[in-house]
Amino acid sequence: MRKVRACAFFLYLLPMEEMTFDAYLISKKIDPSAFKRTEKDQFESLKHIFDQVSPASFTQQKLFLINTTRRKFPFTEEAAEAPKKKPMARPKIMKPKTQ
C-alpha cells in the first residue's frame, strides 16, 4: 500500500505541461479575442488567477463564471480552422488503343 501512495505522490510532483490562458479558453469553447476585447478587466483578473493555479483547480474555482462566459463568447471552430485546400485532381489514365 505504501508503494502506491509514494508513486501517486511522485506523479503529483512531476512538472505538468503548461497551458496558456488563451489555450485554456479555447479548450473550454470560449473565444479569447472577443472576451478580451469586451470585458478586459475580467479577462485580466481571471488570467492573473489562472497563472497562479493549475487548470484543474481554476476550473473548480471558477466553474460558474466559465459557463456564463462560454454563453456570452462562444468559440466557433470554423473561425479557427485554416482555409481548406482544393482537392487534388485525379490523374488522367490513358487507355490503350485497340484495333
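So, here's what we can say about the structure. Because the structure is predicted, anything quoted here is derived from the model rather than measured. (Residues numbered from 1 in each chain as written. Predicted model: local features only at pLDDT ≥ 70, side-chain atom pairs only at ≥ 80, totals over all residues. Heavy atoms only, no water.)

Section: unusual backbone geometry
Its identity as a non-glycine residue notwithstanding, Lys29 has a phi of 60°, on the positive side. Locating Lys29 in the fold gives a position in the loop between helix 2 (21-27) and helix 3 (32-38). (Helix = DSSP H or I, 4+ residues; strand = E, 2+ residues; numbered from the N terminus.)

Describing the pattern of salt bridges
Close approach of charged atoms lets side chains of opposite charge pair. All chains considered together, the criterion is met by 2 salt bridges. Among the salt bridges present, the one from Glu39 reaches Lys72, with a minimum N-O distance of 3.1 Å. Within this pair, whereas Glu39 is found in the loop between helix 3 and helix 4 (40-52), its partner Lys72 is found in helix 6 (residues 63-72), the two being separated by 33 residues in sequence. Residue classification places Lys72 among the exposed residues on the basis of a relative accessible area of 53%. Asp51 is the salt-bridge partner of Lys47, the closest N and O atoms lying 3.5 Å from each other. One end of the pair, Lys47, and the other, Asp51, are both in helix 4, 4 residues apart, so they sit about a helical turn from each other. (Salt bridge = Lys/Arg side-chain N within 4 Å of Asp/Glu carboxyl O. Buried < 20%, exposed > 50% of the residue type's maximum accessible area, 1.4 Å probe, protein only.)

What to know about the nonpolar core
Grouped together as the largest cluster of nonpolar side chains are 12 residues: Phe21, Tyr24, Leu25, Ile30, Ala34, Phe35, Phe43, Leu46, Phe50, Phe58, Ile66 and Phe73. Looking at this core, the elements that each hand over two or more residues are helix 2, helix 3 and helix 4. Sequence-distant contacts of Phe50, that is, excluding residues within four places in its chain, are made with Met19, Thr20, Phe21, Tyr24, Pro55 and Phe58. (Core = buried A, V, L, I, M, F, W, Y, C linked by side-chain atoms within 4.5 Å. Contact = heavy atoms within 4.5 Å.)

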